[in-house]
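An overview of the molecular structure
Read off the chains here:
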Amino acid sequence: MPTFFVWAESILQPLEQVRAIAERVAASRGLEIWDIQSRREAVGHVVRVFIDRPGPAATPEDSVSIEDCEQVNREISTILDVEDPLPFAYTLEVSSPGLDRPLRETADYGRFAGRLAKLVVKEPVDNQKAFEGRLRGVEGDDVVLEALNGRRHHLPLRLITRGRLEVEF
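In this convention, every chain numbers its residues from 1, walking through the sequence in written order. For a predicted model such as this one, the threshold for reporting local features is a pLDDT of at least 70, and the threshold for listing and counting side-chain atom pairs is 80 or more; totals across whole chains, interfaces and linings nevertheless cover every residue. Side-chain figures throughout are based on the complete set of non-hydrogen atoms in the structure, without hydrogens or water.

**Things to note about unusual backbone geometry**
One non-glycine residue, D84, lies in positive phi territory at about 45 degrees. Secondary structure is summarised from DSSP: a helix means a run of H or I of at least four residues, a strand means a run of E of at least two, and numbering begins at the N terminus for each. With respect to the element layout, D84 can be found in the loop between α2 (66-83) and β3 (91-95). A positive phi angle, close to 50 degrees, is found at D126, a residue other than glycine. For D126, the location among the structural elements is in the loop between β4 (116-125) and β5 (128-139).

Below you can see the structure in the form of structure tokens.
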């Protein structure tokens, strides 16, 4: 078996242990795990845990705070120090998906209704492939987006290749 596959297999189980620990800690604070990444970078190995708060996240009070990240980082770090599931030295980072977060699941398009977003589709819809406007939710199998000019587009979920919220001030 090539070295890469041996390494990839050896890291999957420990990362699942990290995920289980992170999910317990996040749940105890009313949060959820959005993603976990493990990457080798110039500074060494970095394990990133992205936390999210369920709900609309329409206001800063609804979003993940810096304090949330600090507390979750501290708790996960303490447990990881004791259980030591990773077979390498690493830096742990905890953050939120961000104000310009990717939209990954059908529920995200409903959750962030009213927010400004950019979407890209793999086949033209209304003679275009890139859209920017306000999310208006999901109707059937379509995401409804109101363009900046007021025109509504019904974009089939199966065609969306990329979706991301836009930062608004």
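**Points about the pattern of salt bridges**
Pairing is possible between side chains of opposite charge, provided their charged atoms come close. The salt bridge criterion pairs a side-chain nitrogen of Lys or Arg with a carboxyl oxygen of Asp or Glu, the two atoms within 4 Å. Using the criterion set out here, one finds 14 salt bridges in the structure. For D52, the salt bridge identified is with R111, shortest N-O distance 2.9 Å. Taken together, the residues span a long stretch of sequence, with D52 in strand β2 (residues 44-52) and R111 in helix α3 (residues 106-111) at a distance of 59 residues. You'll find D52 and R111 in the same group, each marked buried. With a closest N to O distance of 2.5 Å, D68 and R53 form a salt bridge. Summary of the burial criterion: residues with accessible area below 20% of their type's maximum are buried, those above 50% are exposed, and those between are partly exposed, where the area comes from a 1.4 Å probe applied to protein chains only.

**Points about the sheet that holds β2**
At least two DSSP bridges between two strands are required for those strands to pair. The strand order across the open sheet formed by three strands is β1-β2-β3, and the pairing between neighbours is mixed. A single partner strand is all that each edge strand has here, and the edge strands are β1 (32-41) and β3. Strand after strand, the sheet turns through a mean of 20 degrees between neighbouring axes, direction not considered. Relative to β3, β2 runs parallel, the two being bridged by five bridges. Along β3, the bridge assignment pairs V47 with L92. Axis definition: a line fitted to C-alpha atoms, over the contacting stretch in the case of helices. Angles run 0 to 180 degrees between N-to-C directions.

**Looking at the packing of aromatic side chains**
Aromatic rings from Phe, Tyr and Trp, with only the six-membered ring used for Trp, were paired whenever their centres fell within 6.5 Å, and each pair was classed as stacked if the ring planes differed by under 30 degrees, edge-to-face if by over 60, and tilted otherwise. In this structure the tally under the stated criterion is two aromatic pairs. Here W34 and F50 contribute two aromatic rings whose centre-to-centre distance is 6.0 Å and whose plane-to-plane angle is 75 degrees, an arrangement assigned as edge-to-face. In this pair, W34 sits in strand β1 while F50 sits in strand β2, placing the two residues 16 residues apart along the sequence. When its relative accessible area of 15% is taken as the criterion, W34 is described as buried. An angle of 85 degrees between the planes, with centres 6.5 Å apart, marks the rings of F88 and Y90 as edge-to-face.

**What about a nonpolar patch on the surface?**
Residues qualify for a patch when their relative accessible area is over 30% and they have no salt bridge, like charges being joined within 9 Å and the nonpolar side chains of Val, Leu, Ile, Met, Phe, Trp and Tyr within 5 Å. Every accessible area reported is derived by Shrake-Rupley at a probe size of 1.4 Å, with residue values counting cover from the shown protein chains alone. On the surface, L99, V167 and F169 cluster together into a nonpolar patch covering about 400 Å² of accessible area. Tracing the sequence through the fold places F169 in the segment after β8 (160-165). Residue classification places F169 among the exposed residues on the basis of a relative accessible area of 96%.

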